[in-house]
Structures are given as C-alpha cells and as structure tokens.
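Below, each chain spelled out in residue letters.
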Amino acid sequence: MLKGNSDRDPLDDVLRPPIDETEEERSIRLQTEEQAKRVSEAIDEAIRQERQAAKKKDVVRVLLLGQSESGKSTTLKQFQRLYTPTAFREERHLWRSVIQLNIVRSIRIIIDTISDVHRNAVLSEEESDGDEEFQLSDQLVAIKERLKPLRHIENILVAKLVPPNEAEATHLGNRPDIASSSKNRKDQEIFVRPGMGWHGALLRGARSSRPLSAGSTGLETPDDTQCVLDSCRTDTIALWQNPTVRAILQRRKVRLEELPGFYLNDLERMTSLKYVPTDDDVLRARLKTVGVCEYKFHLEASAGSESGTEWRIIDVGGSRSQVRYYCSFVATWAQFFDTVNAILFLAPISGFDQALAEDRSVNRLEDSVLLWKSVCSNKLLANVELVLFLNKCDLLGAKLRSGIRLSKYVRSFGDRSNDLDTVTKYFRGKFSAILREHSPLPRKFYGFCTSVTDTNTTAGILAIVRDIVIREHLRKTRLL
Ligand SMILES: Nc1nc2c(ncn2[C@@H]2O[C@H](COP(=O)(O)OP(=O)(O)OP(=O)(O)O)[C@@H](O)[C@H]2O)c(=O)[nH]1
Ligand SMILES: [Mg+2]
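All values derive from a computational prediction rather than experimental measurement.

About the thresholds
Residues numbered from 1 in each chain as written. Chains lettered and ligands numbered in written order. Predicted model: local features only at pLDDT ≥ 70, side-chain atom pairs only at ≥ 80, totals over all residues. Helix = DSSP H or I, 4+ residues; strand = E, 2+ residues; numbered from the N terminus. Buried ≥ 20, exposed ≤ 12 C-beta atoms within 10 Å, placed from the backbone. Contact = placed C-beta atoms within 7 Å. Near = placed C-beta within 6 Å. Nonpolar A, V, L, I, M, F, W, Y, C, P; charged D, E, K, R; others polar. Domains from an automatic or database assignment. Core = buried A, V, L, I, M, F, W, Y, C linked by C-beta atoms within 7 Å. Pairing = 2+ DSSP bridges. Axes fitted to C-alpha atoms, helices over the stretch in contact; angles between N-to-C directions. Left-handed = near helix turned anticlockwise from the far one by under 90°. pLDDT = per-residue confidence, 0-100. Expected span 1.5 Å × (residues − 1). Arc of directions from axis to C-beta.

1. Here we look at the overall build of the chain
Helix and strand content of the chain: 18 helices and eight strands. In the chain, which comprises 480 residues, the share counted as buried stands at 34%. Residue pairs at least 24 apart in sequence account for 76% of intrachain contacts in the chain once pairs closer than 6 positions are excluded.

What follows is the structure in structure tokens.
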C-alpha cells in the first residue's frame, strides 16, 4: 500500500483548477460547473417529485418483520388467501413439493433418532445413557429399512426446490436440537430466495405464466415423489404411531408436533396419489425466506370496497444469519422505511422456552423483545404505524396446558395463573409498555393475539389491520 499524507483529499488534485488557467478558461469552467449543478438539481427535483407521486398513488405498503419462524410468510399467505383468493387457489398445488419435503424430513428425524438410540442400546450400560431400555422390535427395524427410499426422495426434493448454485445458503437454519449429530445439507432448512425459482414467481403473483422451475413440481406430470410416499404410507403411519417410537421421541425431547411443517397426523390423506394441498396445508408448510420480497396485488372485487388500491407487502427473511443483527438493523432496512405505511411485527410468544435455531444461546422470546424494542425506538420509523401480532397462541396454549410454567423462564411473571388468557395479557402489557417507553413520538398500540395458521380467527384480525393501514394511508396522503 502507498504511504500518503492522510490529511490530503485525493479528490482535491482532480478538482482543483489548473494553476495556469486563463481568464477565458476560468469563465468557461465556471459556466460548465453552473450548468452541471443545474442539471443535478433538476434530477434531484425529478426524483423528489417521483417519490411524492408514488406516495400519492393509491399504494399501501406493509412491511412484515419478526425473527425467523415468527410467521411472516404465513401472514403473507393469509393476505393472499383472503384478498386474492383466485390466485391463491391456482397456486396451491405448487406447495406440494414443500409439503412433501416437510413430511419426509419429519420421518427422517424419527429414523435418525431411533437409530441413534438403537446404536446406544447395544453399548455397555454406562455408555448407553439409559437407552438400553429401548429395544427396537424386528417389525420396527424392518419398517426403518423399508423407509430408506425416503432419503433419496429428500435429496431429490432439495435439488428441486433449491437452485444448484444456492447450496451454500442452505447452511442456514440448522436444527441441532432435533437432528442427530450429522451436519450435512440434509439437516439444513430449505429456503426460498425471492425472485429466484418457483416460489419467487409465486410471490410475485405470476398467475398465467407458470413459475419457471415449477415444471417438475406440478400435477401435470406423474410425480415420482408422491408415488414413493403413497407406497410408504402404511410404514410411515406405523412408524409415527409406534409406542416405542413415541417413548424414544419423548425421552429425547423431540417434540415434532411443535416444529414447523408438521403433518404426521395427516399421513393417510397427504400420501394419497391424488393429494392436492388444502388452504390449511399451504398455511402450515414451512419454507424459510431469504432476502426481501415485495408482493404486489390489487384487492379482488370480492375482497371489499377498497378493491383497486394497490397493496405491497414486503416479506423478509428473519433469520439472524441472513439479514439482521441489532446493530445493522437500520442499515439493512432503511431503504424500505420512508415509503412504508405500517409494519406488521410478529412475535411468536410460544417460543418462551426455546432457543433460536441459528443461535442456540439466544432465547426466542428475548430475541423478539429486543427486536421489538429496536423497531419501536427507531427514529426513521417514528411515523410508521406499528401493528403487533403476538403469534403462535395456539402453540402457547398447548404448552401451558401441558404443564410448562412460564414463570420458570420469565421470572417477572411471578405466581400469576399459568393460563393462556393471563399469559397473553401479561405479554401484551410488556410489549405495549416498550412501545410507550421507546417510541420517539407518541403512537397507538395495536396488539393482537394471533395464530396465523388459523384461517377463521386470522380473517377478522387482518380485516382490522387492513382498516388501520388504509386509515393511516389516507391520513398521510391528505397531509401531502
Ligand atoms: N401452530 C402455528 N404454526 C404457525 C403459526 N404461525 C406460523 N406457523 C408455522 O411456523 C412456520 C414458520 O412460519 P413462516 O411464516 O415460514 O415464518 P417466517 O417468519 O416467514 O420465517 P423466515 O422466513 O425464516 O423469516 C410455518 O410452518 C408456519 O406454518 C401459528 O400461529 N401457529
Ligand atoms: Mg418467511
């Protein structure tokens, strides 16, 4: 590296007028500079006007924020299902590959777990960690063998859903809590990068043209994967219902039912050759988002009086390794802030006893609280309406009912009653206090207890959110 005088601006040399400049040259130079300045100012003004016009146009923008697995993409699906139902229905079948992968992965988690226990069981008593009590019956060992083709299917599905040059990106979202010790590509969560592959096209709302890479996922071709799932139906059901398997999963604290993309109670229906995903299946499908995606749509006539308004919902990948650490949060999202009408923030409160998949040292609830605080206190967002979804209340209720006590993880909850109503009220109070305390300007607290996979309750809540956003949009356009 060249050593230089650090006080000197390298541009000075270039911009400084020539020493031997004549009067005439000077005059020409000044004129040219003046003209360049006028052009630059005109461009700035044009940009400003364009922005102003974009704001005045009947466009509302909603940004979805929240940690990974908080339910952002599921909320987007609910918007699509409710407000562009035709497009949503047309694209339902594209989700079949994702659902197949979710199923195959759940089965593999079971097989990996019982294999691990089986290996331990043949070790000496001290080494086996208590696993010697679990003897796999011959029938279970035979099922395990017969389900081997599913490993191959998993690889095929991963290849189908992730473009080959994106293999590195699957290093995200490892789940060391549930998988065995292997750290290969199979254990990594499958993601979608907006604008690439079939799901990007799906989110852009491509209706007539089929998504580019959907050729191998659609129903018009015989689907080998579905054939394999169909032929494995009896074994997959027997595996999931086997009492020894359930005991092993319980012993290893593998709670598949709580994991995203859980379908094992519906195997009979979902492994049939003619299976087409229902709305509910699509909402429960898990496909991690990477990057940012703006989904544009006009409300269909059936969706209400505001049809014609263009909605843009921005969905982002919430995983830490992807897009945000608290310190770089503003820099990452600043470009979206000035035109956003509202932020829909999702805090999955059922995660009070769980760690982030991408960082096992961080409690999920704590992560959500810190992120909420950083959104509330952000000066760039001072005028943006914030709507909070305390999400996954269904899972929260099930956890509390199963006897898990919130006070064990959140000391300040104290000896309050451990029921869903008390717990959600407590969380509402906490999140609303943060908003009050940290907002640069006073703002109203809109907080909802949600289970965004539940279509009935979510429809009503999204209608309220739509009204809040529209009201805010109208207020802002009148101010312009
Ligand atoms: N039971 C239940 N499951 C939910 C709820 N909300 C979302 N899920 C499921 O949780 C999983 C994760 O949801 P996503 O919408 O993909 O999460 P995300 O915030 O988009 O995650 P990233 O894309 O990684 O940032 C999906 O399988 C959803 O079906 C809920 O309220 N209840
Ligand atoms: Mg997502």
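2. Concerning the site of ligand 1
Within the structure, ligand 1 sits among 25 residues, and G71, P260, R286, T289 and G318 are positioned closest to it. Taken together, the elements giving at least two residues each to the shell around ligand 1 come down to α3 (72–83), α13 (279–284), β3 (288–289) and α16 (393–401). For the shell around ligand 1, the leading source of residues is α3, giving three residues. When the residues that make up the shell around ligand 1 are grouped by side-chain class, the tally is four nonpolar, 14 polar and seven charged. For the shell around ligand 1, the two domains that each supply at least three residues are domain 1 (60–84 + 299–479) and domain 2 (94–193 + 205–283).

3. Brief notes about the nonpolar core
Soluble globular proteins tend to bury their nonpolar side chains together. Residues L64, I343, L344, F345, V375, L386 and L390 are the most contacted members of the largest nonpolar core, which totals 49 residues. Ranked by residue count, the leading element in this core is strand β6 (residues 342–348), at six residues. Apart from the residues within four sequence positions on either side, I343 is in contact with L63, L65, V375, L381, V384 and L386. Counting 30 residues, the second largest nonpolar core, distinct from the first, contains V98, V117, L157 and L239.

4. Things to note about the sheet that holds strand β8 (residues 446–449)
Strand order in this open sheet of six strands is β4-β5-β1-β6-β7-β8, and the pairing throughout is mixed. The open sheet has two free edges, formed respectively by β4 (292–298) and β8, since each of these has just one partner strand. Between one strand axis and the next, the sheet turns through 20° on average, direction left out of account. Strand direction decides the pairing type here: β4 and strand β5 (residues 310–316), joined by seven bridges, are antiparallel. Along β5, the bridge assignment pairs Y295 with I313. The strands that α3 touches are β1 (59–65), β4, β5 and β6; relative to β5, the one it contacts most, it runs at about 160°. Packed onto the sheet, helix α15 (residues 364–377) meets β1, β6 and β7 (385–391) and runs at close to 160° relative to β6.

5. Describing the packing of α15 against helix α17 (residues 420–438)
Taken N-terminus to C-terminus, the directions of α15 and α17 make an angle of 30°; their axes are 8 Å apart at the nearest point. Seen from above, α15 lies across α17 with right-handed handedness. In this structure, α15 contributes W372, K373, C376 and S377 to the contact, and α17 contributes F431, I434, L435 and H438. For the contact of α15 with α17, a count of residues per class yields five nonpolar, two polar and one charged.

6. Here's the deal with the confidence of the model for the chain
Scored by pLDDT, the chain has a mean of 80; 74% of the residues are at 70 or more. Scored below 50 in pLDDT, residues 1–5 makes zero contacts in the model with residues more than four places away or belonging to other chains. Per-residue pLDDT stays below 50 along residues 167–186; that stretch engages in 41 contacts with residues further than four places along the chain or on separate chains. Model confidence for the complex: the whole-complex pTM is 0.78, and ipTM, which rates the interface, is 0.99.

7. A look at α15
With 14 residues, α15 should cover 20 Å at 1.5 Å per step; its first-to-last C-alpha distance of 20 Å lies within 8% of that length. Every buried residue belonging to α15 is among R364, L365, D367, S368, L371, W372, V375 and C376, and all of these are buried. On an axial view of α15, the arc spanned by its buried residues comes to 165°, and they lie on one face. Lining the buried residues of α15 we find β1, β6, β7 and α17.

8. Some details on the environment of A36
You can see A36 is positioned in helix α2 (residues 23–56). With 10 C-beta atoms packed within 10 Å, A36 lands in the exposed category. Separated by 246 residues in sequence, A36 and V282 have C-alpha atoms that sit 55 Å apart.

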